[in-house]
Amino acid sequence: MSGKPRLTYCNGRGRMESVRWLLAAAGVEFEENFLETEEQYKKLIKDGVLMFQQVPLVEIDGMKMVQTRAILSYIAGKYNLYGKDLKERALIDMYVEGITDLMKMILMFPFSPPEAKEKNLDSIKERATNRYFPVFEKVLKQHGQDFLVGNKFSWADVQLIEAILAVEDNIPAVLSGFPQLQAFKIRMSNMPTIKKFLQPGSPRKPPPDERYVETVLKIFKI
Amino acid sequence: MAGKPKLHYTNGRGKMESIRWLLAAAGVEFEEEFIETKEDLEKLRNDGSLLFQQVPMVEMDGMKMVQTRAILSYIAAKYNLYGKDLKERAWIDMYVEGTTDLMGMIMHLPFQPADVKEKNLALIIERATTRYFPVYEKALKDHGHDYLVGNKLSWADIHLLEAILMAEECKPDILSAFPLLQAFKGRTSNIPTIKKFLQPGSQRKPPTDEKSIAVVRKIFNI
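Since the model is a prediction, treat every value here as computed from it, not as a measurement.

Parameters and conventions
- Residues numbered from 1 in each chain as written.
- Chains lettered and ligands numbered in written order.
- Predicted model: local features only at pLDDT ≥ 70, side-chain atom pairs only at ≥ 80, totals over all residues.
- Heavy atoms only, no water.
- Helix = DSSP H or I, 4+ residues; strand = E, 2+ residues; numbered from the N terminus.
- Rg over C-alpha atoms; globule rule 2.2 N^0.38 Å.
- Buried < 20%, exposed > 50% of the residue type's maximum accessible area, 1.4 Å probe, protein only.
- Areas by Shrake-Rupley, 256 points an atom, 1.4 Å probe, with all protein chains shown as cover.
- Lys, Arg positive; Asp, Glu negative; His and termini not counted.
- Charge placed at Lys NZ, Arg CZ, Asp CG, Glu CD.
- Phe/Tyr/Trp six-rings, centres within 6.5 Å; stacked < 30°, edge-to-face > 60°.
- Lys NZ or Arg CZ within 6 Å of the ring centre and 35° of its normal.
- Contact = heavy atoms within 4.5 Å.
- Buried area = accessible area lost by both parts, 1.4 Å probe.
- Salt bridge = Lys/Arg side-chain N within 4 Å of Asp/Glu carboxyl O.
- Polar contact = N/O pair within 3.5 Å; in protein donor to acceptor, adjacent residues only side chain to side chain.
- Nonpolar A, V, L, I, M, F, W, Y, C, P; charged D, E, K, R; others polar.

*Asks:* What am I meant to see in the overall build of chain A here?
*Replies:* Across its full length, chain A holds nine helices and four strands. Traced from its N-terminal end to its C-terminal end, chain A shows the element sequence β-α-β-α-β-β-α-α-α-α-α-α-α. Taking 2.2 N^0.38 as the reference for a compact globule, 222 residues should give roughly 17 Å; the C-alpha atoms of chain A span a radius of gyration of 18 Å, in line with that estimate. For chain A, the C-alpha atoms occupy an extent of roughly 50 × 45 × 30 Å along the three principal directions. Classification of the 222 residues of chain A by burial places 50% in the buried group. Accessible surface for chain A amounts to roughly 10,600 Å². Of this, 52% is attributable to carbon and sulfur atoms. Separation of charge centres in chain A, based on 32 positive and 28 negative side chains, amounts to 2 Å.

This is the structure we're talking about:
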């Protein structure tokens with residue numbers, strides 16, 4: 001046994017991508033087990049390894065962890081990316097939850113029926129530029145520090161850089177009204193562990209395409 | 001200054017109910033300010049009190065906290081309902097995410113069009129009895145303790161009781177195949193703070209009715 005965390009999911013971003021980001025940012029190497037068929041998924045359920053019959057699944061420290069938020073909180077806590085006290089943790093949680101709401105729109109977007117795609121893209125743009133990005137632009141402006149919380153790199157920063165890049169995949173000029181976030185994006189992208197993750201050949205997955213959508217629909221019968 | 005947490009939400013269960021449960025179970029008195037009109041919501045937004053323009057919002061310990069999970073995590077940790085270490089916290093998080101998914105389905109039911117309501121109610125019952133309740137029944141069976149994690153009352157237990165009672169409102173005999181959950185329900189309901197919360201006159205809100213649905217639709221434009 002290698003001792004490395006082992007991730008079970010489809011070979012694509014989905015809900016597991018935030019876990020890949022956080023492990024990578026923390027400098028933690030991990031293995032991946034890709035779900036390719038319905039049979040594989042059904043076998044996992046039959047073997048009783050999925051607590052609520054769902055993936056993501058991350059095997060880490062003797063636990064078979066499920067539920068994305070639980071997994072991310074554990075990793076953040078373990079690798080000191082969760083602030084120095086309860087109040088910093090509260091801020092990180094609030095920021096992460098907000099970003100997660102935005103990421104969920106992006107997660108669901110490839111599965112939109114063709115007639116709803118344009119409207120959904122507009123919603124993503126509206127929420128990103130009117131509800132979410134202004135919050136983080138203001139936070140960075142007000143304290144003038146490099147990181148969102150406690151002048152120290154945390155889960156919130158990782159989640160934000162992931163979200164910025166994911167939105168930009170769909171709406172390239174989305175940061176045009178946000179100079180602080182532009183600078184933040186460059187700073188985060190240059191942090192050694194993140195820089196490595198952003199290079200070709202890393203475990204980072206490409207934006208979802210038709211094939212990914214088909215695979216997900218096939219495996220999970222949705 | 002009172003020092004009591006102050007909850008901002010509509011006068012109904014929704015996403016705030018889990019927070020009311022947790023504070024009550026922890027023996028913490030709280031105040032509530034009800035949003036009754038669109039203007040009430042706009043005022044909170046214009047005051048800059050809502051980080052992402054949304055409620056729930058809880059004023060506590062000098063913070064204006066938003067995002068249900070962030071608020072619940074903070075309360076759980078502050079009042080020692082979050083396990084003794086990172087691993088216990090991971091288990092509590094996993095269990096809570098499951099009950100959150102189940103309660104989320106139940107919460108949305110009143111807002112669905114009549115033609116899908118029956119189908120979704122059937123799905124809720126199916127998920128409760130085949131995906132969620134078996135997990136907690138097994139957890140209690142495996143360790144034989146009174147509580148889900150670490151042989152001590154935690155957020156996971158309070159959340160599970162809330163979910164059980166909500167599910168019973170959908171189908172009164174929904175626990176018929178789960179003897180340990182029935183015992184758990186009896187035991188946990190008798191914890192003094194919880195017993196008090198379950199009595200008439202407490203801040204617990206009744207099941208969502210037509211009138212509160214109409215209010216919510218009007219205030220939030222849904």
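*Asks:* Even after reading the chapter, I still don't get the overall build of chain B, so can you show me in this structure?
*Replies:* For chain B, the count of helices and strands is nine helices and four strands. For chain B, the α and β elements follow one another from N to C terminus as β-α-β-α-β-β-α-α-α-α-α-α-α. Relative to the globule expectation of 17 Å for 222 residues, the C-alpha radius of gyration of chain B, 18 Å, shows essentially globular dimensions. In terms of overall dimensions, chain B has C-alpha extents of about 50 × 45 × 30 Å along its principal axes. Looking at chain B as a whole, 49% of its 222 residues are labelled buried. Accessible area of chain B: about 10,500 Å², with a carbon and sulfur share of 53%. Positive and negative side-chain charges of chain B, numbering 31 and 30 respectively, have mean locations separated by a distance of 1 Å.

*Asks:* Looking at this structure, how should I read the packing of aromatic side chains?
*Replies:* The description of an aromatic ring pair uses the distance of the two centres, along with the angle that the planes make with each other. Taken as a whole and assessed by the stated rule, the structure comprises 15 aromatic pairs over all chains. An angle of 45 degrees between the planes, with centres 6.1 Å apart, marks the rings of Phe136 of chain A and Phe52 of chain B as tilted. Taken together, the positions of Phe136 of chain A in helix α5 (residues 117-143) and Phe52 of chain B in the loop between α2 (38-46) and β3 (57-60) put the pair across two chains. When sorted by exposure, Phe136 of chain A lands in the same class as Phe52 of chain B, which is buried. With a centroid separation of 5.4 Å and an interplanar angle of 80 degrees, the aromatic rings of Tyr82 of chain B and Trp155 of chain B are classed as edge-to-face. Here Tyr82 of chain B is found in the loop between α3 (68-78) and α4 (86-108), whereas its partner Trp155 of chain B is found in helix α6 (residues 155-170), with 73 residues between them in sequence. Residue Tyr82 of chain B shares its accessibility class with Trp155 of chain B, and that shared class is buried. Three or more aromatic residues joined by ring pairs form one cluster here, namely Phe52 of chain A together with Trp91, Tyr95, Tyr132 and Tyr136 of chain B. Stacked on the ring of Tyr82 of chain B, the Lys or Arg Arg89 of chain B has its end atom at 5.5 Å from the ring centre.

*Asks:* Mind showing me how you'd approach the interface of chain B and chain A here?
*Replies:* Interface extent is often summarised as the accessible area lost during association of the parts. Facing the 34 residues of chain B at the interface are 31 residues of chain A. Overall, the association of chain B and chain A removes approximately 2,900 Å² of surface from exposure, summing both partners, and the carbon and sulfur fraction of that is 64%. Among the residues chain B hides against chain A, the three largest losses belong to Phe52, Met94 and Arg131 of chain B. Together they make up 22% of the total. Taken together, chain B and chain A are joined by two salt bridges. Counting every contact that joins chain B to chain A gives seven residue pairs in polar contact (both at pLDDT 80 or more). Secondary structure elements with two or more residues in the side of chain B that touches chain A: β4 (63-66), α3, α4 and α5 (114-143) of chain B. Sorting elements by how many residues they give to the side of chain B that touches chain A places α4 of chain B first, with 11 residues. Looking at the side of chain B that touches chain A, its residues break down into 17 nonpolar, six polar and 11 charged.

*Asks:* What is the right way to look at the environment of Asn120 of chain A in this model?
*Replies:* All names here are of chain A. Structurally, the position occupied by Asn120 is in helix α5. The exposure class assigned to Asn120 is partly exposed, which follows from its relative accessible area of 24%. Separated by 15 residues in sequence, Asn120 and Met105 place their C-alpha atoms 8.0 Å apart. At 3.0 Å, the side chain of Asn120 and the side chain of Ser112 are in polar contact.

Honestly, that's just the spatial picture; any functional story needs more than this.
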